[in-house]
Amino acid sequence: MRSLTNFAPSTFEDRGAAVAFTTPVLAQTRVRKDSREQLEVLVPNLSEGRGVYVVPWKSLPLAFPMTVHDRMLHDLIAKGEGCSPDDIRKAVLQSARCGLAGNHAVEAAEAALRDDDEQRLLINYQLIVEALKAVGLESTEILRAGLASVEGQRLTRDLMSKAARSLGLEPTELYSRIAELAVYVESIGLATSPKPARLRRMMRDLQGFRDSMTDWATDNVSEAAPIGGFCAEVAEHTINHARTVMKQLDQSVASFETLIRQWDTKRVLVRKAATRLSWLLDGWEYLIALWADSVTKSRHEQDLAVHDIFRVIPLLPKDESRLDQAMAAEKLLQGNRRSVRAYVDWRSGQLDVDLVMRIETLKGKAA
């Protein structure tokens, strides 16, 4: 077991990616790779403890009672090739579609996958439009014909060939660069998109979380108020960092001709920014849904929700912030003796079924 300050990660990879387990004690715990490239999971604040337990991934089902859904998710992640936020999200959606976390989670996972497909088509079309616009060509004929139609595809090939000649590229190379760019920004989308992509929506929702939590902490006189204020501050710092990264990406796309011409050097910067944004927002979707579910309930339940959020809040790694959030969290714990509620008596192995069902519902909302 390590204390919060001793655990405090330096990088996002050290912090690990949040996993949407439905077993309460494991909800939003984080998985990462150890020095031997083996998976391990970080379990914070067991019962009345203040630290982080580091457990080998393969030993997790032996250390904690897990729901059937979580055993499947555990297996899928173990069989996967990575543990980035995108890797974990794919495994989470795959396990949710099996129905072991309830029908609502199935519907939410299907909706999320449909949204991914729509965004994939949209971003590809928008980037083609940007390429044509960069060299002074119009795309209205493609829009009228329909990008998926035979005529639309013929028009697209003709216009993209002209665009490639203007850029001094082979058509296949232009298509390749746009396709690679589309993969990097698929979850982010473009600033001009009529339908914001997933991470832009999460940014908007995180701002709402920050505002709501700030108001709640200001009006609240309970011992949970300082904790709520801290959660709002962490959200604020995350938003500021994410906004900076998103602005850099938007500026790169706005200078589309330069981006495509200099793709061999720009691709590294775009990939790095897109990856960093994914890590910055990792783990917040569930917490946003948890708080939104709590604001209509009693003040006591809101206090408990704030403690739940604080327990797994995504603190910025040391390399990402001048503020030592882990140290601030440790001081807050020392000044507030109230323990975060225990989710399971791990000695008897009894799960809190009501909490499992609540987490399954929130899992659906945060898909």
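Structure shown above.
Engineer: Break down the overall build of the protein for me, citing the residues and quoting the values.
Structural biologist: Scanning the protein from terminus to terminus reveals 17 helices and 7 strands. Classification of the 367 residues of the protein by burial places 51% in the buried group. At a minimum sequence separation of 6, the contacts of the protein that also span at least 24 residues come to 67%. If you sum the accessible surface of the protein, you get close to 17600 Å²; carbon and sulfur atoms cover 51% of it.

Engineer: Report on the packing of aromatic side chains, specifying residues and quantitative values.
Structural biologist: Taken as a whole, this structure holds 6 aromatic pairs when the rule is applied. An angle of 70° between the planes, with centres 5.7 Å apart, marks the rings of Phe 230 and Phe 310 as edge-to-face. Remark: Phe 310 occurs in helix H15 (residues 299–312) and Phe 230 occurs in helix H11 (residues 225–254); sequence separation between them is 80 residues.

Engineer: Which residues make up the pattern of salt bridges, and what values do they have?
Structural biologist: For side chains of opposite charge, pairing can occur when their charged atoms come near one another. Counted under the stated rule, the structure contains 25 salt bridges. With its nearest N and O atoms 2.5 Å apart, the salt bridge here joins Arg 200 to Asp 250. Taken together, the residues Arg 200 in helix H10 (residues 198–219) and Asp 250 in helix H11 connect sequence positions 50 residues apart. Look at Arg 200 and you get buried, because its relative accessible area is 13%. Here Arg 210 and Glu 236 are joined by a salt bridge, their closest N and O atoms 2.8 Å apart. One end of the pair, Arg 210, is in helix H10; the other, Glu 236, is in helix H11, and 26 residues separate them in sequence. For Glu 236, a relative accessible area of 27% puts it in the partly exposed group. Here the salt bridges do not stand alone but share partners, grouping Asp 115, Glu 118, Lys 195 and Arg 201 into one network.

Engineer: Tell me about the side chain of Gln 302, and please be specific about residues and values.
Structural biologist: Examined against the element boundaries, Gln 302 turns out to sit in helix H15. The buried category is assigned to Gln 302, whose relative accessible area is 6%. Once residues lying within four places of it in the same chain are set aside, the contact partners of Gln 302 are Trp 216, Trp 291, Ser 294, Val 295 and Lys 297.

Engineer: Please give an account of the packing of helix H6 (residues 103–134) against helix H8 (residues 150–167) that cites residues and values.
Structural biologist: Between H6 and H8, the shortest axis-to-axis distance is 9 Å and the interhelical angle comes to 45°. One element, H6, and the other, H8, form an angle in the oblique class. Considering only the axes of H6 and H8, their crossing is left-handed. For the pair H6 and H8, the contacting residues are Ile 128, Ala 131 and Leu 132 in the first and Thr 156, Leu 159, Met 160 and Ala 163 in the second.

Engineer: Explain unusual backbone geometry to me, using residue names and the numbers behind them.
Structural biologist: Where the residue is not glycine, phi is negative for most of them; where a peptide bond is considered, it is trans in most cases. You will see that Gln 28, though not glycine, has its phi angle at about 65°, which is positive. Within the secondary structure layout, Gln 28 lies in the loop between strand E2 (17–18) and strand E3 (30–33). Judged by its relative accessible area of 8%, Gln 28 is buried. The backbone of Glu 37 sits at a positive phi, close to 65°, despite the residue not being glycine. Position of Glu 37 relative to the elements: it lies in the loop between E3 and strand E4 (39–44).

Engineer: Tell me about the pairing of E3, and name the residues and values.
Structural biologist: Pairing of E2 with E3, which is carried by 2 bridges, proceeds in the antiparallel orientation. Each bridged residue has a counterpart across the sheet, and for Ala 18 the counterpart in E3 is Arg 30. Pairing geometry for E3 and E4, over 4 bridges, is antiparallel. Bridging from a neighbouring strand, Arg 32 pairs with Glu 40 of E4. The hairpin formed by E3 and E4 contains 5 residues between the paired strands, and Glu 37 there has a positive phi angle of roughly 65°.

Conventions we followed
Residues numbered from 1 in each chain as written. Predicted model: local features only at pLDDT ≥ 70, side-chain atom pairs only at ≥ 80, totals over all residues. Heavy atoms only, no water. Helix = DSSP H or I, 4+ residues; strand = E, 2+ residues; numbered from the N terminus. Buried < 20%, exposed > 50% of the residue type's maximum accessible area, 1.4 Å probe, protein only. Contact = heavy atoms within 4.5 Å. Areas by Shrake-Rupley, 256 points an atom, 1.4 Å probe, with all protein chains shown as cover. Phe/Tyr/Trp six-rings, centres within 6.5 Å; stacked < 30°, edge-to-face > 60°. Salt bridge = Lys/Arg side-chain N within 4 Å of Asp/Glu carboxyl O. Axes fitted to C-alpha atoms, helices over the stretch in contact; angles between N-to-C directions. Parallel < 35°, antiparallel > 145°, perpendicular 65-115°, else oblique. Left-handed = near helix turned anticlockwise from the far one by under 90°. Pairing = 2+ DSSP bridges.

Just geometry here; none of it tells us what the structure is for.
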